[in-house]
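The lines below spell out each chain.
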Amino acid sequence: MPLVDVEHLKMYFLTMRGWVKAVDDVSFTLDKGDSLGLAGESGCGKTSTALCILRLLPRNGKIFGGNIDFQGQDILKLGERELRREIRWKKISTIFQGAMNALHPTTKVGDQIVESIIAHEKVSKKEARKRAEALLDLVGIGASRIDRYPHELSGGMKQRVMIAMSLACNPDLVIADEPTTALDVIIEAQVLKVMKDLQQKLNLSMILISHDLSMIAETCNKVAIMYAGKIVEQGEVASIYKEPLHPYTQKLVSSFPSIIGPKKELASIQGFPPDLLNPPEGCRFHPRCDYAMEICRRTEPATVFTGNKNHGVACFLIGGEKS
Amino acid sequence: MSEPIVKAEHLTKHFPIKTGFFRTLLSKENPVVHAVDDVNFQIGTEEIFGLVGESGCGKTTTGKLLLKLIEPTSGGIYFKGRDITNVAGREMRTMRQKIQVIFQDPYESLNPRMSIYDIVSEPIHVQKVAKTMEEIKDRVEKVMEDMDLVPPEEYLYRFPHELSGGQRQRVAIARAFILQPEFIVADEPVSMLDASIRSEVAKLVLSLVEKFHISFLYITHDMALSRYMCNRIAVMYLGKIVETGPTEDVIQHPFHPYTEALIAAVPVPDPTAKRTEIVLKGEIPSAVNPPSGCRFHTRCLYAQDVCKKEEPQLVEGGKNRYFACYFPLGK
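Quick notes on the rules
Residues numbered from 1 in each chain as written. Chains lettered and ligands numbered in written order. Predicted model: local features only at pLDDT ≥ 70, side-chain atom pairs only at ≥ 80, totals over all residues. Helix = DSSP H or I, 4+ residues; strand = E, 2+ residues; numbered from the N terminus. Expected span 1.5 Å × (residues − 1). Buried ≥ 20, exposed ≤ 12 C-beta atoms within 10 Å, placed from the backbone. Arc of directions from axis to C-beta. Contact = placed C-beta atoms within 7 Å. Nonpolar A, V, L, I, M, F, W, Y, C, P; charged D, E, K, R; others polar. Axes fitted to C-alpha atoms, helices over the stretch in contact; angles between N-to-C directions. Parallel < 35°, antiparallel > 145°, perpendicular 65-115°, else oblique. Left-handed = near helix turned anticlockwise from the far one by under 90°. Pairing = 2+ DSSP bridges.

K.L.:
So what's going on with helix 5 (residues 133–146) of chain B? Which residues, and what values?
P.N.:
All names here are of chain B. Look at helix 5: 20 Å from first C-alpha to last across 14 residues, which is about the 20 Å you get at 1.5 Å a residue. Inspection of helix 5 places V140, V143 and M144 among the buried residues, and these make up the whole buried set. Down the axis of helix 5, the buried side of the element spans an arc of 105 degrees, and every buried residue falls inside it. Seen from the open side of helix 5, the exposed residues pointing more than 90 degrees away from its buried face are E134, E135 and D138.

K.L.:
So what's going on with the interface of chain B and chain A? Which residues, and what values?
P.N.:
It is common to give the size of an interface as the accessible area lost on bringing the parts into contact. Opposite the 33 residues of chain B that make contact, chain A presents 37 residues. Within the residue set of the side of chain B that touches chain A, elements represented by two or more residues are helix 8 (195–212), helix 9 (223–229) and helix 11 (257–265) of chain B. By residue number, the principal contributor to the side of chain B that touches chain A is helix 8 of chain B, which donates six residues. The residue makeup of the side of chain B that touches chain A, split by class, is 19 nonpolar, six polar and eight charged.

K.L.:
Describe the packing of helix 7 (residues 165–177) of chain B against helix 8 of chain B, listing the residues and the values that go with them.
P.N.:
Residue and element names in this part refer to chain B. Relative to each other, helix 7 and helix 8 sit at 20 degrees, their axes nearing to 10 Å. With respect to helix 8, the element helix 7 is oriented roughly parallel. Considering only the axes of helix 7 and helix 8, their crossing is right-handed. Contact with helix 7, carried on its side by G165, G166, Q169, R170 and F177, involves I197, E200, V201 and L208 of helix 8 and no other residues of that element. For the contact of helix 7 with helix 8, the class distribution of residues is four nonpolar, three polar and two charged.

K.L.:
Explain the packing of helix 7 (residues 185–202) of chain A against helix 11 of chain B residue by residue, including any values.
P.N.:
At a closest axis distance of 8 Å, the pairing of helix 7 of chain A and helix 11 of chain B adopts a crossing angle of 55 degrees. In terms of their interaxial angle, helix 7 of chain A and helix 11 of chain B are classed as oblique. Considering the relative orientation of helix 7 of chain A and helix 11 of chain B, their crossing is left-handed. Of the residues in helix 11 of chain B, those in contact with V185, I186, E188 and A189 of chain A of helix 7 of chain A are A261, L262 and A265 of chain B.

K.L.:
How would you sum up the sheet that holds strand 7 (residues 173–177) of chain A? Please name residues and give values.
P.N.:
Strand-to-strand pairing in sheets goes through backbone hydrogen bonds, with the strands running parallel or antiparallel. Residues and elements named next belong to chain A. Judged by pairing direction, the sheet is mixed, and its eight strands sit side by side in the order 6-7-8-3-9-10-12-11 without closing on themselves. Sheet topology places strand 6 (92–95) and strand 11 (304–306) at the edges, where each strand pairs with a single neighbour. Here the average twist between neighbouring strands, direction ignored, is 20 degrees. Pairing geometry for strand 9 (residues 222–227) and strand 10 (residues 230–236), over six bridges, is antiparallel. In the sheet register, V223 faces strand 10, and the bridge partner there is G235.

K.L.:
Quick rundown of the sheet that holds strand 11 (residues 315–316) of chain B? Include the residues and the values.
P.N.:
All names here are of chain B. Strand order in the open sheet formed by eight strands is 6-7-8-3-9-10-12-11, with mixed pairing between adjacent strands. Only two strands of the sheet have a single partner each, and these edge strands are strand 6 (99–102) and strand 11. Lying over the sheet, helix 7 contacts strand 6 and strand 7 (183–187), oriented at roughly 175 degrees with respect to strand 6.

Next comes the structure, spelled out in structure tokens:
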């Protein structure tokens, strides 16, 4: 049984100008020990999808349909109290974007971790502190820094404190939202290495949200490519990078410069992502697609799984059916 | 190489740190941040010269020095053979027609209350290079077309918030190009943009270099992209250039251990790629008291005693290649 099973999830934001279809009919599954990369351009709905799993939507966000099955429970049917007590942080935790600002500036980092442990588990303060020390060791900061304030740590260390905090209650799933933006290349490599090591050591399941495909390629084993609120292609990392089927994925993969191998021509995608207030009819990518056919303008392609059972793609070129 | 457009000689910038009254009395020397320390390079015509390094290594300060936005502590800046280190005032303003800049963040570098037309035409008004309104309008439309913002009328009377990130950065580039400069400092011009848009703007910059024969100082932390953009690169660490040479050459055969680590840190969009794993420990040290000897020795995997004592100088390591290391890789 998969750990998380998201089916036909729909979440719209109400704005002054109407409903913004941020997540529209998104389905994916995640097994225990898997790490899934959610990739796509900004505004494609990847963070919104993650917020749905945590049920941390802003007030104007409303879930219109679908279900999120987590360990046999439908998260969308749980009450706020149960969510807070049982799910958030204890079972599903998150590493937010921009760690620099996610930590409380006037509280010692150790105390912040202790606080999150005590809030969710019945343990003594002493015991919680011991666990916080162990966590800081685990992410390579060292227990000696437990009484430091956030401003005494560098950006990379703060991000590692955030990772330690996300692991405080031994969660089953960690959602990392752009964990390395605003970090330098070398520090980014350090943080990614910590995450990869932890994943193996603790057999963590992870959802990594990023616009950087190369980062996902290095850390995840599965990937889902999102475009304008929909998942256009998903599957094993290797098969998607080697044989991308959807025209959008093909363009996206080849628009990333690589530092190794022969120098290839960089691809670019004409035009801009659509306005999700009025997304284009049919396939949402058709206005920017080189291979758009008549049918793409009218009907929406459904996801079909080809060859390899886990490789799903929503495109009429690949024998997509009407949905 | 052809006659250099821009040359920096022993360029140094130290920022003083403000200390208290008693500290000033007691200590003989005021502490300074060694932002840029004895940096030498030259940029040829139609060349894109890349400066790469972590944040805090002095690459942006070097860019600002060339733009004469800040005064160097010592050293010289030459533009087309002329010493412009001490040029100031009206003379410098005229000079600025030929030296322009593109900033990193198109969300902050455009005035939100000015229309695109006003933003792009502002340099013309400042420099007073056009006489009639028609002439200004023609030039603005022309430069917008060069940036692929067509038809210009559709964009000229809008405001920055109505444009996407990629369009904004094109407007910022248009503003830099309208005076037909010969040299542009581009400070991470595409790092804020999304992947697919990023490669499009990068390609635009490349085509503009060819079309208008402009030279670029391209400041970036993205090694992978610099491979596509730059003819030559210089790797900076704590205010010093540690290695320089033709881009492809440096990436394929780095001599300096820092360059090697920087390359190894770049994620690769290929899950099956086999790579050497080098993860440097710790962060870049403080530039107030840079480490003695080779500034990189505190994080270097190959450091020996001599590295702590004496500072290595840039030595030649092949055609157009220079590096500053006692134990270069692959030698």
